[in-house]
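Examination of the molecular architecture
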Amino acid sequence: MAQYVKKDDDLDEEAEYSPFSGIDKGAVLQEARCFNDAQIDSRRCSQVITKLLYLLNQGETFTKTEATEVFFSVTKLFQAKDTGLRRMTYLIIKELSPSSDEVIIVTSSLMKDMNSKTDVYRANAIRVLCRITDGTLLTQIERYLKQAIVDKNPVVASAALVSGIHLLQTNPEIVKRWSNEVQEAVQSRAALVQFHALALLQQIRQNDRLAVSKLVTSLTKGTVRSPLAQCLLIRYTSQVIRESSMNGQNGDRPFYDYLEGCLRHKSEMVIFEAARAITELSGVTSRELTPAITVLQLFLSSSKPVLRFAAVRTLNKVAMTHPMAVTTCNIDMESLISDQNRSIATLAITTLLKTGNESGVDRLMKQITSFMSDIADEFKIVVVDAIRSLCLKFPLKFRTLMNFLSNILREEGGFEYKKAIVDSIVTIISDIPDAKETGLLHLCEFIEDCEFTYLSTQILHFLGIEGPKTSDPSKYIRYIYNRVILENATVRASAVSTLAKFGAMVDSLKPRIFVLLRRCLYDNDDEVRDRATLYLNTIGGDGSVVETDKDVKGFLFGRLDLPLANLEASLKNYEPSEEPFDINSVPKETKAQPFAEKKSAAKKPTGLGAPPVAPTSTADSYEKLLLSIPEFSSFGKLFKSSAPVELTESETEYEVNVVKHIFDQHVVFQYNCTNTIPEQLLEDVTIVVDASEAEEFEEVATKPLKSLPYGTPGQTFVAFEKPEGVPAVGKFSNVLRFIVKEVDPSTGEAEDGVEDEYQLEEFEVVAADYMLKVGVSNFRNAWESLGPDFERVDEYGLGPRESLKEAVSAVINLLGMQPCEGTEVVAANSRSHTCLLSGVYIGNVKVAVRLSFGVDSAKEVAMKLAVRSEDATVSDAIHELVAN
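Throughout, a residue's number is its position along its own chain's written sequence, starting from 1. Note on the predicted model: pLDDT of at least 70 is required for a residue's local features to be given, and 80 or more for side-chain atom pairs to be given and counted; whole-chain, interface and lining totals, by contrast, use all residues. In computing side-chain values, all of the structure's heavy atoms are included and hydrogens and water are not.

**Things to note about the overall build of the protein**
Convention followed: Secondary structure elements follow DSSP: runs of H or I of four or more residues count as helices, runs of E of two or more count as strands, with numbering from the N terminus. For every residue, the accessible area obtained with a 1.4 Å probe (protein chains only) is divided by the maximum for its type, and the residue is called buried under 20%, exposed over 50%, and partly exposed between those limits. By definition, residues are in contact when any of their heavy atoms lie within 4.5 Å. Note on areas: Shrake-Rupley, 1.4 Å probe, and residue coverage restricted to the protein chains presented here. Counted as positive: Lys and Arg. Counted as negative: Asp and Glu, with His and the chain ends omitted from the count. Lysine's charge is taken at NZ, arginine's at CZ, aspartate's at CG and glutamate's at CD.
Broken down by element type, the protein carries 37 helices and 17 strands. In terms of overall dimensions, the protein has C-alpha extents of about 105 × 90 × 65 Å along its principal axes. Looking at the protein as a whole, 48% of its 884 residues qualify as buried. Sequence separation of 24 or more characterises 65% of the internal contacts of the protein that already satisfy a separation of 6 or more. As presented, the protein carries roughly 44,000 Å² of accessible surface, and 50% of it is formed by carbon and sulfur atoms. In the protein, which carries 96 positive and 123 negative side-chain charges, the distance between the mean positions of the two groups comes to 9 Å.

Rendered as structure tokens:
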């Protein structure tokens, strides 16, 4: 680390020196008065402009008066003949961005320069004019700009083309008229002109897919000479290929031959761009990849660091999806581990970890060991993640990889780095049973010197779950009790809980655990003493079993089937009384959905449309509201309420959405209605529901809305009966029927009304409506607590998907369950993924689901679905839902 500190110190010393240090805006503005001198000193004026530009780019703000004074002073510098000063004048005018009335003052000077015989003046004048003028003035100079685009001088032509690219954002109609001139500029022999012309032409045509395709087709025949323009053309070609594949075009991949031909170009940048484009093609095959991999392999041994970095970074991305295609480069990448550029070395290592074979793991680990001490934590985390993946790929090599992780865990490093190592060891222990005892011992040794409280508590928690299941649990007790003696209060409390879990799970350790827990009763921290007291009473600290063995394990290891936010809200709203707090009253829905109201309502909602005052939760509010309606009071306990489903477009005459309330034997549709027409009053508002496509539902009750004045949300209800406990599904058509009365704006009185109706959108009751999203803090515990008795496992083909992320989201939405432990997030370019879900099915049946996804080169997605629940019919029902 010393060499890095010295290096940083040198950099700091260099950074301290600046020719602009200590300059003051007021002093510079005083100096700017030199612009008004009769005899202009070009050198001094250039220095003052440089200081002004420095202040502007450092974020210094000029007042309107200051900016105007500087601008008017600068305009006088057009009298000077010095070329350098003139270029500085152009820069300061662009940065000052004068207002429209000020622009007029410099317009004539700039237009004069635009037609000057000095090419440098012409190019810069074009840039400045296009930056500061508006559309009105632009039409006056359009003729000059068109001429400049085809000018023989490449500096002038490029200036006009770049200005066109900027103007396309503000004045597209004007720039689109330049297509013929831009098309001509594309044929220019000047490299930059051709590059800028192609960029502008593509932007002009970007909204016309066919025009872009024709442009690419014509240019890929060999008319582009500029390497820069060639790189741009390769990108546009890749875009056309992607769009054609999205449109389902079959047959040979269009333009692939052009991309492959670019691999033989004499320019390195073109070769790399083509290789990168081929590797990023959707559904690219091994045959198509081979020529691109070959040129990237040559770049790995280049003397230029930028080429080595570009090649290894691209190969690193390819290794995520086609690891076998990259294995031919492994020998070249091994030589990069000792590269002076640490970024190149890190990418080489992580690529090798993705593509290496089992026999080369030991040799690779020896090379990495010496490398780890030379890189920053952010690079180390990347390596650690790659090692974890390698261990899961080659489970027989867990000892080598686990020892490596253990060694670097004891070295210096920041929190995120240490957390990444701990997470990797935990993952390996969870997925490779043989690694459990070795990994747990490594974690125990780490917490002896761990300086991070969070990591210590997480390790102790994990140790309490896995430690009692090992062949010799007693060897971990010393490490755990040392935390009770030597650590801070937070870690001590966590250690007490871990000891209790060992005592509950391992009978032979109970006497020893009792002694240790009794010692904790004398701790100086309340939390530690309270936990020790609780656990001694729970597991029978006085020799008597206070609870049954099942109750003890359920208390220590059981999952809390309640969102903590809901539990906290219910406890805050609990008023002490003779009735104890009932945990069953806590809503189980993870996300409460608010009452749907008109977003821009001018009046505060009143009556039935208003939310209850200070509700304990939205679920409680819904239930209280439904129980207050006599027609629905006998339906029993509300199981779930859905999010509002919009049945109208926004800002229509009437806005309506529906909330689906699920009971065991009934479904109630709550229609939230808003009248957005000030001159109308609606009365006798009802919803006529057509359930012809929902055969298992029978309408049993309705609750009309008597009056719906402007701006005040109201609710009408329709109830259906369904088979008890059955997740019936179906589609419902809806018509809003009412009596509309015109309201006199002056008196507010309503006239006689007429019957009218308004067609609403359809909606569906789906299987996910019968599943509550209930998260769990520890999925592994929840999975094991359900047991294998009612486990059902099967595999399904999901067909072609745009991405693995899209497939995962689709299945989560289909099942309506809560993702656990962040597994709903799919890594970019991932070829496989595991997602964990939990929930409660209608009838209060707990359900846990493991989803394992995989995608092949043709984007065909396969899925393995494992379901555990408390009822075999529920497990079967979830499989049937996916199968259908």
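**Let's talk about the side chain of Glu 288**
Formally: By the criterion applied in these results, polar contacts are pairs of N or O atoms within 3.5 Å in which, for protein atoms, one can donate a hydrogen and the other can accept it, and in which residues neighboring in sequence qualify only through two side-chain atoms.
With respect to the element layout, Glu 288 can be found in helix α17 (residues 286-300). At a separation of 3.1 Å, a polar atom in the side chain of Glu 288 contacts the main-chain amide nitrogen of Thr 285.

**Points about the packing of aromatic side chains**
In this description, a pair of aromatic rings is defined by centroid distance and the angle of the planes. Going by this rule: Between 30 and 60 degrees the pair is tilted, below 30 it is stacked and above 60 it is edge-to-face, where a pair is any two Phe, Tyr or Trp rings, Trp via its six-membered ring, whose centres lie within 6.5 Å.
Scanning all chains against the criterion turns up 18 aromatic pairs. Ring plane angle 75° and centroid distance 5.7 Å describe the contact between Phe 635 and Phe 663, whose orientation is recorded as edge-to-face. Note that Phe 635 is positioned in the loop between α34 (618-627) and β1 (640-641) and Phe 663 in the loop between β3 (654-662) and β4 (666-675), a separation of 28 residues in sequence. Of the two residues, Phe 635 and Phe 663, neither departs from the other in class, the shared state being buried. Through successive ring pairs, a cluster of aromatic residues spans Phe 669, Tyr 671, Phe 697, Phe 720, Phe 732 and Phe 763.

**Let's talk about the nonpolar core**
Operational definition: Put simply, buried Ala, Val, Leu, Ile, Met, Phe, Trp, Tyr and Cys residues joined by side-chain atoms within 4.5 Å make one nonpolar core.
Counting 186 residues, the largest nonpolar core has Phe 35 and Leu 353 as its most contacted members. In contact with Phe 35, not counting residues within four places along its chain, are Cys 45, Val 48, Ile 49, Leu 52, Ser 73, Val 74, Lys 76 and Leu 77. The next biggest cluster of nonpolar side chains, apart from the first, holds 63 residues, and it includes Leu 736, Val 765, Leu 851 and Met 863.

**Considering the confidence of the model for the protein**
Keep this limit in mind: The pLDDT score gives, residue by residue, the confidence of the prediction method on a 0 to 100 scale.
Confidence in the prediction of the protein, expressed as mean pLDDT, is 83, and 90% of residues score 70 or more. Counted against residues more than four places away or in other chains, residues 1-15, with its pLDDT under 50, gives one contact. Per-residue pLDDT stays below 50 along residues 591-616; that stretch engages in 43 contacts with residues further than four places along the chain or on separate chains.

**Structural notes on the side chain of Thr 107**
Of note, Thr 107 is situated in helix α6 (residues 100-114). When its relative accessible area of 10% is taken as the criterion, Thr 107 is described as buried. Setting aside residues up to four positions removed in sequence, Thr 107 forms contacts with Leu 129 and Leu 137.

**Things to note about the pairing of strand β8 (residues 714-721)**
Condition: In short, DSSP must find at least two bridges between two strands for them to pair.
Across the eight residues that make up β8, a large majority, seven, are buried. Note: β4 against β8, eight bridges, orientation antiparallel. In the strand pairing of β8, Phe 669 is matched with Val 718. Relative to β8, strand β6 (residues 698-703) runs antiparallel, the two being bridged by five bridges. Each bridged residue has a counterpart across the sheet, and for Thr 702 the counterpart in β8 is Val 718.

**Side note on the pattern of salt bridges**
Where side chains of opposite charge bring their charged atoms close, a pairing between them can arise. Note the cut-off: The term salt bridge refers to a side-chain nitrogen of Lys or Arg lying within 4 Å of a carboxyl oxygen of Asp or Glu.
Within this structure, the stated rule accounts for 35 salt bridges. Taken together, the shared-partner salt bridges connect Arg 235, Glu 273, Arg 276 and Glu 280 into one network.

**Regarding the packing of helix α16 (residues 268-279) against helix α18 (residues 305-321)**
To keep things clear, this is the line we draw: Note on geometry: axes are C-alpha line fits, over the in-contact stretch for helices, and angles between N-to-C directions span 0 to 180 degrees. Relative orientations are named as follows: roughly parallel for angles under 35 degrees, roughly antiparallel for angles over 145 degrees, roughly perpendicular for angles from 65 to 115 degrees, and oblique for any other angle. Throughout, the ten residues Ala, Val, Leu, Ile, Met, Phe, Trp, Tyr, Cys and Pro are labelled nonpolar, Asp, Glu, Lys and Arg are labelled charged, and all others, Gly among them, are labelled polar.
At a closest axis distance of 10 Å, the pairing of α16 and α18 adopts a crossing angle of 10°. Relative to α18, the element α16 lies roughly parallel. From α16, Glu 268, Phe 272, Arg 276 and Thr 279 reach across to α18, where they touch Leu 307, Ala 310, Ala 311, Thr 314 and Val 318. For the contact of α16 with α18, the per-class residue count stands at five nonpolar, two polar and two charged.

**Focus: the packing of helix α25 (residues 415-431) against helix α26 (residues 436-447)**
Quick reminder of the rule: By definition, turning the near helix anticlockwise from the far helix through less than a right angle yields a left-handed crossing, and turning it clockwise yields a right-handed one.
Interaxial distance between α25 and α26 falls to 9 Å at its minimum, and their mutual angle equals 155°. Of the possible angle classes, the one that applies to α25 and α26 is roughly antiparallel. In the packing of α25 onto α26, the handedness of the crossing is left-handed. Counting all contacts with α25, which are made through Lys 418, Val 422, Ile 425, Val 426 and Ile 429, the residues of α26 involved are Lys 436, Gly 439, Leu 440, Leu 443 and Phe 446.

**As for a negative patch on the surface**
Condition: Patch membership requires over 30% relative accessible area and the absence of a salt bridge. Like charges are linked within 9 Å, and nonpolar side chains (Val, Leu, Ile, Met, Phe, Trp, Tyr) within 5 Å.
A cluster of acidic residues, Glu 679, Glu 742, Glu 751 and Asp 752, forms a negative patch at the surface. Classification of Glu 679 by relative accessible area gives partly exposed; the value is 37%.

**Digging into helix α37 (residues 872-883)**
Our working rule: To estimate the expected span of a helix, subtract one from its residue number and multiply by 1.5 Å.
With twelve residues, α37 should reach 16 Å at 1.5 Å per residue; the first-to-last C-alpha distance of 17 Å fits that figure. Among all positions in α37, only Ala 872, Val 874, Ser 875, Ile 878, His 879 and Val 882 are buried. Each element contacted by the buried residues of α37 is listed here: β12 (771-773), β13 (792-800), α36 (804-815), β15 (832-841), β16 (845-855) and β17 (860-869).

**Focus on the environment of Phe 853**
Within the secondary structure, Phe 853 sits in strand β16. Apart from residues lying up to four places away in sequence, Phe 853 is in contact with Leu 798, Leu 804, Ala 807, Val 808, Val 811, Arg 831, Ser 832, His 833, Cys 835, Val 861, Ala 862 and Met 863.

**Comments concerning α26**
With twelve residues, α26 should cover 16 Å at 1.5 Å per step; its first-to-last C-alpha distance of 17 Å lies within 8% of that length. With respect to burial, α26 is a largely interior element, nine of its twelve residues being buried. Looking at α26, one finds that the buried residues are Lys 436, Thr 438, Gly 439, Leu 440, His 442, Leu 443, Cys 444, Phe 446 and Ile 447. Structurally, α26 contributes buried residues whose contacts are with α24 (398-409), α25, α27 (453-466) and α28 (477-486).

**Quick word on unusual backbone geometry**
Phi at Asp 684 takes a positive value of approximately 50°, unusual for a residue other than glycine. The exposure class of Asp 684 is partly exposed, given its relative accessible area of 46%. One non-glycine residue, Asn 844, lies in positive phi territory at about 60°. Mapped onto the elements, Asn 844 comes out in the loop between β15 and β16.

**Describing the environment of Arg 177**
Mapping Arg 177 onto the fold places it in the loop between α10 (172-176) and α11 (179-186). Relative accessible area serves as the criterion here: at 45%, Arg 177 is assigned to the partly exposed category. With 31 residues separating them along the chain, Arg 177 and Lys 146 place their C-alpha atoms 9.3 Å apart. Looking at Arg 177, its side chain comes within polar contact range of the side chain of Glu 142, at 2.9 Å.

**Points about the environment of Asp 41**
The topology assignment puts Asp 41 in the loop between α2 (25-31) and α3 (42-57). The exposure class assigned to Asp 41 is partly exposed, which follows from its relative accessible area of 41%. When the C-alpha atoms of Asp 41 and Lys 94 are compared, they prove to be 22 Å apart, with 53 residues separating the residues in sequence. A polar contact is formed between the side chain of Asp 41 and the backbone nitrogen of Arg 43, at a distance of 3.3 Å.

**Here's the deal with the state of the cysteines**
Note the following rule: Here, two cysteine sulfur atoms that lie within 2.5 Å of each other are counted as a disulfide.
As enumerated under the stated definition, the model contains zero disulfides in all. Free of any disulfide, Cys 45 has its nearest cysteine sulfur in Cys 34, 3.9 Å distant.

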